[in-house]
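Coordinates in review
Okay, here's what each chain looks like letter by letter:
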There are 2 protein chains.
Amino acid sequence: MRLHALSLTGMRSAIAQRRCNAQEIVQACLQRVTDHEARVGAWAHPIDPVGVLHRWHEDAQRHAPSPFQGLPLGVKDTIDVCAMPAERGSAIWRRRVAREDAAAVSMLKTAGLFVLGKTVTTEFAYFKPGKTSNPHNAEHTPGGSSSGSAAAVAAGMVPVALGSQTAASVIRPASYCGVAAWVATRGSISLRGVMPLAQSCDSLGAFARDTHDLLLIEAYLRRSAESAEAAAPLAFGAVDPGRLVDEEMGACYENALAQLSAHGVRIIPSSLSAYTGDWIASHSRIMAYEAAQNLAFEYNNSRAALSEPLRQLIESGIDQSGEAHEQDLTHRAEAWSAVMAELERPVALIAPAATGAAPRGLAGTGRPDMSRPWQWLGLPQVCLPCAHSSSSLPLGVQLIGRPHQDRALLRQALWLQQQLGWQAPEITPS
Amino acid sequence: MRLHALSLTGMRSAIAQRRCNAQEIVQACLQRVTDHEARVGAWAHPIDPVGVLHRWHEDAQRHAPSPFQGLPLGVKDTIDVCAMPAERGSAIWRRRVAREDAAAVSMLKTAGLFVLGKTVTTEFAYFKPGKTSNPHNAEHTPGGSSSGSAAAVAAGMVPVALGSQTAASVIRPASYCGVAAWVATRGSISLRGVMPLAQSCDSLGAFARDTHDLLLIEAYLRRSAESAEAAAPLAFGAVDPGRLVDEEMGACYENALAQLSAHGVRIIPSSLSAYTGDWIASHSRIMAYEAAQNLAFEYNNSRAALSEPLRQLIESGIDQSGEAHEQDLTHRAEAWSAVMAELERPVALIAPAATGAAPRGLAGTGRPDMSRPWQWLGLPQVCLPCAHSSSSLPLGVQLIGRPHQDRALLRQALWLQQQLGWQAPEITPS
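A brief structural summary. As the structure is a prediction and not an experimental result, all values here were calculated from the model.

Section: the overall build of chain A
Helix and strand counts for chain A stand at 14 helices and 10 strands. For 430 residues, the compact-globule estimate of 2.2 N^0.38 gives 22 Å, and chain A sits close to it at 20 Å. If one aligns the C-alpha atoms of chain A with their principal axes, the spans along those axes are about 55 × 55 × 40 Å. Here chain A, with 430 residues, has 63% of them falling under the buried criterion. Expressed as a percentage of contacts within chain A between residues at least 6 apart in sequence, the contacts between residues at least 24 apart total 78%. As displayed, chain A offers around 14,800 Å² of accessible surface, 51% of which is attributable to carbon and sulfur atoms. On chain A, the mean spot of the 37 positive side-chain charges and the mean spot of the 39 negative ones are 5 Å from each other.

A few points about the side chain of Ser371 of chain B
Tracing the sequence through the fold places Ser371 of chain B in the loop between strand S8 (348–352) and helix H13 (372–377). In contact with Ser371 of chain B, other than residues within four places in its own chain, are Gln165, Ala167, Ala168, Ile171, Ala353, Gln381 and Gln398 of chain B.

Focus: the interface of chain A and chain B
Each side of the interface is counted separately: chain A has 41 residues, and chain B has 41 residues. Between chain A and chain B the total buried area reaches about 3,300 Å² when both faces are included, carbon and sulfur atoms providing 42% of it. If you look at where chain A meets chain B, you find six salt bridges. Across the pair Arg96 of chain A and Glu100 of chain B runs a salt bridge whose closest N-O atoms are separated by 3.7 Å. Linking chain A with chain B are 30 residue pairs in polar contact (both at pLDDT 80 or more). Elements supplying a minimum of two residues to the side of chain A that touches chain B: helix H4 (103–110), helix H7 (211–222), helix H9 (279–294), helix H10 (296–301) and helix H12 (322–342) of chain A. When residues in the side of chain A that touches chain B are grouped by element, the largest group, five residues, is from H9 of chain A. Per-class residue counts for the side of chain A that touches chain B are 17 nonpolar, 13 polar and 11 charged.

Describing the sheet that holds strand S3 (residues 160–165) of chain B
Residues and elements named next belong to chain B. The strand order S2-S1-S3-S5-S4-S9-S10-S8-S6-S7 describes an open sheet built from 10 strands, whose pairing is mixed. Two strands bound the open sheet, and with one partner strand each, they are strand S2 (113–119) and strand S7 (266–269). Going from strand to strand, the sheet's axes swing by 30° on average, the running direction of each strand aside. Across the face of the sheet, helix H2 (residues 22–40) comes into contact with strand S1 (71–76) and S2 while running at roughly 45° to S1. Contacting S1, S2, S3 and strand S5 (203–208), helix H4 (residues 103–110) crosses the sheet at an angle of about 145° to S2.

Each value, and the rule that gives it
- Residues numbered from 1 in each chain as written.
- Chains lettered and ligands numbered in written order.
- Predicted model: local features only at pLDDT ≥ 70, side-chain atom pairs only at ≥ 80, totals over all residues.
- Heavy atoms only, no water.
- Helix = DSSP H or I, 4+ residues; strand = E, 2+ residues; numbered from the N terminus.
- Rg over C-alpha atoms; globule rule 2.2 N^0.38 Å.
- Buried < 20%, exposed > 50% of the residue type's maximum accessible area, 1.4 Å probe, protein only.
- Contact = heavy atoms within 4.5 Å.
- Areas by Shrake-Rupley, 256 points an atom, 1.4 Å probe, with all protein chains shown as cover.
- Lys, Arg positive; Asp, Glu negative; His and termini not counted.
- Charge placed at Lys NZ, Arg CZ, Asp CG, Glu CD.
- Buried area = accessible area lost by both parts, 1.4 Å probe.
- Salt bridge = Lys/Arg side-chain N within 4 Å of Asp/Glu carboxyl O.
- Polar contact = N/O pair within 3.5 Å; in protein donor to acceptor, adjacent residues only side chain to side chain.
- Nonpolar A, V, L, I, M, F, W, Y, C, P; charged D, E, K, R; others polar.
- Pairing = 2+ DSSP bridges.
- Axes fitted to C-alpha atoms, helices over the stretch in contact; angles between N-to-C directions.

So yeah, pure geometry; function would need other evidence.
The following block contains the structure:
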């Protein structure tokens, strides 16, 4: 049994059936880190297997005699974990160690997860990449900003990892790395302990290779009963990607819609101008306006240590007039009404998860446009890998659901995984 | 000239006209603290005038040669100020010192404000009071949870102070202490560095004796042009307080409406069941549900150090079913539509700011019900003192505005201050 390749759900079953114990699982994941981290670069801080196992035993003793599963979790370095580094992808916070757990981390610890380590983020979850490469091809970007979380899950180092999304920081790296991911309805999960970038666009997210695990994480974070049942979708509203996607992604999307139709899912062309109007531009402006607030401390005290693109983002936010900002808010409210009206019929929308496969090069993290409209509105989103490009890089689709209907959306995604085989590629030994 | 009694706006003018300098103002405020803190108990940590002045000079040097005004600001102890204590009203965080500025604090520092000190909060901004008493009568509560900020401003120790509101934590203490206050539209100001209690109910707020100062703080936080012009309201939607208010507050409210009518403001009876339906109960449930997330770290690690009411709040949140929570969210969305429809006509609603004057005793902070509906919806709110109870305690009214129309609301409040004399009582020497 290759323990590191199990899903979180599979790990729990294996333990329940006494086929292995949690320590063996953690050791298998640590071995996977040892073997592949030099190539992937998923972790923000060096993972010392001996030290991690020592911490694991300490936690197990602290929890005794109550059951401690201690199954491994990766956490993006913009999210605080008590007594662990949290440098937010910036030299400004080098050697910063968190003194408290983010709310989501605390809830997942209570549910029995163990933080293996902190994963690489771009600078303050914006554009400047960290050291991570795409596990499927080290010359390609893993996407960002939750680069390390996506790559660590794709490489089989952890079954699940936390991330956050302000533009496309979860859905895009999931699509590029070929894993499933979930972005929670904005505001539904506390962001205490998560470094904010834009308060009306930030959402928590999670990565896994198996959609079952996303349902499990959702239940842990909502403290609700577990529900692993798939739900067959009756219909999807298919969003027109316009000219944003490349040829391969366009074909992948058309093929995905055809597969759905063949399985009896009605495809209703969406009338939303999500990608063809100015929703994307409006999201960008609101993000800049709010980033100027959220990064005021760093901008005022350590301006020279910010990357040029981040400085430009902040300054474009500072330069916005209140009137222009209000227009964007009005525009967003109108779009919200249009989307809610459309979601009266199908439970969810479907769209390409990214503009194409992961681009070559590690200097950027790819285009975020396919996620901006949904993140602008704060809707729940799920990414599923469903195909490969000609160069063997993953391609994904995303489902977008009604607010607070995260579980219904995840149950439909699980159906797609089970019925259409839309899931993370097998983890290869090397 | 009694410098401590000036508004922030007045301090700026006095400096511009060379009638005094900023250091003299800070010294006057510090003297006021020295004279009255033993009675009022507004500050979470001892204020050492020599140390504060030393810090003020250091800041002035750091800003040189660019202009540094350094005018005094109080900041609630749930809001982080770099290198200052931030104990959040709980023994769990004793000796915690913040390592970064909250976004709002950083923006106000840039605008030239100087943090005189941290003000008393209730335990994690919930119910358990700190040491503060009402400056108008030390046997009465100042209200909570931003107790110290309201009391410090009312006692003339600082012209302005920051707070936050999840239920009634700004409007209620403002009404009890007889000062003006503003609660910003939810999400409009970053809450980075503000300890969260309930993410879909938390808003930033500010206290001042003069509505001009609230407009100034709004301009600083929005980084927009200053605008000190009053705006005459054409009409207000008058909300029926039902049976929630006591006789004195009921009379105060009726009189306020009569005064407005006499000044040509049309009073339109509101059809909203804000206080007579179950909006208040729904707010309480959502707050508990989210508090269970936000305080997961303390609940999981330091349960015995939480007060009984806070433990009960968290546990009632944990016990809520996902279905019940969803009903509350649906209910809130419906109420939102009703309020937006009503606000098509008048720019703002008006209601009593609290159920009565500050209750006797320091064991509680009074009833939060008059604010819960508006905080549930995240609307901007302004409190104005407008009368006194038979026992000489202040009574206030509140205006509730359209989302993101904070400035329009504040300009109307300024008109009420100027035309009707609704303002903080003069600060008396003792």
